[in-house]
Amino acid sequence: NAGVTQTPKFQVLKTGQSMTLQCAQDMNHEYMSWYRQDPGMGLRLIHYSVGAGITDQGEVPNGYNVSRSTTEDFPLRLLSAAPSQTSVYFCASSYSTSLGEDTQYFGPGTRLTVL
Amino acid sequence: AQKVTQAQTEISVVEKEDVTLDCVYETRDTTYYLFWYKQPPSGELVFLIRRNSFDEQNEISGRYSWNFQKSTSSFNFTITASQVVDSAVYFCALSEAGQAGTALIFGKGTTLSVSS
């Protein structure tokens with residue numbers, strides 16, 4: 001298993017450009033999430049999904065869209081990039097067990113710079 | 001509201017010293033989960049431990065140990081005989097019941113530097 005993969009690893013955008021950060025997992029996990037990490041802020045939840053076709057907002061959803069058409073993929077879209085979206089983005093996945101939801105495992109991250 | 005506080009922003013120790021990273025949490029839920037993750041200089045997030053709110057038993061894994069105390073809302077992490085490879089940012093995180101797989105509340109992290 002490749003686990004959670006994210007592409008690209010690095011990206012530079014100009015203000016106003018759009019792009020999609022890709023996240024895929026091959027573990028058949030039901031749950032997937034996107035977080036952003038800013039210096040001194042820890043990680044903050046952007047959006048999450050509990051299954052194909054189901055998404056919900058986290059703490060900082062503004063400026064981002066998500067969709068989940070398959071179990072494997074959970075792309076994060078920036079429709080009009082702003083310098084405030086300069087950050088490191090992490091995707092995570094997890095699954096449910098008889099004891100409840102399992103631990104989240106994270107992808108390697110995408111470092112995004114918006115000029 | 002849920003909150004995780006890691007009051008220590010940076011800690012520097014010399015190899016072989018013991019070091020404790022503090023984590024204090026706030027939640028109104030009676031069932032919740034606590035986590036520690038490690039982020040080495042390479043940037044990935046590595047899961048270290050998960051603890052359920054109804055299990056206050058302390059955990060030891062090699063040089064790592066965790067002390068969970070509901071009475072003080074703390075979940076502290078101790079590294080015994082620290083090594084240079086322990087240098088990383090350590091995050092404590094909290095989730096409500098039913099959200100451990102989707103929504104974690106992270107502390108701001110503690111940067112640990114271990115020198116030889």
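Structure's up top.
Residues numbered from 1 in each chain as written. Chains lettered and ligands numbered in written order. Predicted model: local features only at pLDDT ≥ 70, side-chain atom pairs only at ≥ 80, totals over all residues. Heavy atoms only, no water.

## Some points on the overall build of chain B
Then step 1. Along chain B, the regular secondary structure elements total 0 helices and 12 strands.
Then step 2. Sequence-ordered secondary structure for chain B, helices as α and strands as β, is β-β-β-β-β-β-β-β-β-β-β-β.
Then step 3. Relative to the 2.2 N^0.38 estimate, which gives 13 Å for 116 residues, the radius of gyration of chain B is 14 Å and therefore close to what a compact globule would have.
Then step 4. Along the three orthogonal principal directions, the C-alpha set of chain B runs to about 45 × 25 × 20 Å.
Then step 5. Counting only residues that meet the buried cut, chain B has 47% of its 116 residues in that class.
Then step 6. Accessible surface, chain B: about 5,500 Å² in total, of which carbon and sulfur atoms supply 47%.
Then step 7. Each charge class in chain B was averaged separately, 9 positive and 13 negative side chains, and the resulting centres sit 3 Å apart. (Helix = DSSP H or I, 4+ residues; strand = E, 2+ residues; numbered from the N terminus. Rg over C-alpha atoms; globule rule 2.2 N^0.38 Å. Buried < 20%, exposed > 50% of the residue type's maximum accessible area, 1.4 Å probe, protein only. Areas by Shrake-Rupley, 256 points an atom, 1.4 Å probe, with all protein chains shown as cover. Lys, Arg positive; Asp, Glu negative; His and termini not counted. Charge placed at Lys NZ, Arg CZ, Asp CG, Glu CD.)

## Details of the layout of surface pockets
Then step 1. For the largest pocket, the calculated volume is near 610 Å³.
Then step 2. Taken together, 33 residues make up the lining of the largest pocket; nearest its centre are Q37, V88, F90 and R111 of chain A together with Q39 of chain B.
Then step 3. The element contributing the most residues to the lining of the largest pocket is strand β13 (residues 110–114) of chain A, with 4 residues.
Then step 4. Its residues placed into classes, the lining of the largest pocket shows 11 nonpolar, 16 polar and 6 charged.
Then step 5. The wall of the second largest pocket is formed by M41, L43, R44 and E59 of chain A together with Q2, K3, V4, T5, Q6, I105, F106 and K108 of chain B.
Then step 6. Among the elements of the structure, β5 (42–51) of chain A together with β1 (3–5) and β11 (105–106) of chain B are those that each provide at least two residues to the lining of the second largest pocket.
Then step 7. Element by element, the count of residues in the lining of the second largest pocket is highest for β1 of chain B, at 3 residues. (1 Å grid on protein atoms, 1.4 Å probe; cavity = no way out; pocket = protein on both sides within 12 Å on 5 of 7 lines; lining within 4 Å. Points joined across faces, edges and corners; volume = space filled by probe spheres on them. Nonpolar A, V, L, I, M, F, W, Y, C, P; charged D, E, K, R; others polar.)

## Focus on the interface of chain A and chain B
Often the size quoted for an interface is simply the accessible area lost on bringing the parts together.
Then step 1. Chain A puts 21 residues into the contact, and the matching count from chain B is 19 residues.
Then step 2. Interface area for chain A against chain B, summed over the two sides, is near 1,700 Å², with a carbon-plus-sulfur share of 53%.
Then step 3. The tally of links between chain A and chain B comes to 0 salt bridges.
Then step 4. Where chain A touches chain B, the interface holds 3 residue pairs in polar contact (both at pLDDT 80 or more).
Then step 5. Within the residue set of the side of chain A that touches chain B, elements represented by two or more residues are β4 (31–38), β5, β9 (87–94) and β12 (105–106) of chain A.
Then step 6. Its residues placed into classes, the side of chain A that touches chain B shows 11 nonpolar, 8 polar and 2 charged. (Contact = heavy atoms within 4.5 Å. Buried area = accessible area lost by both parts, 1.4 Å probe. Salt bridge = Lys/Arg side-chain N within 4 Å of Asp/Glu carboxyl O. Polar contact = N/O pair within 3.5 Å; in protein donor to acceptor, adjacent residues only side chain to side chain.)

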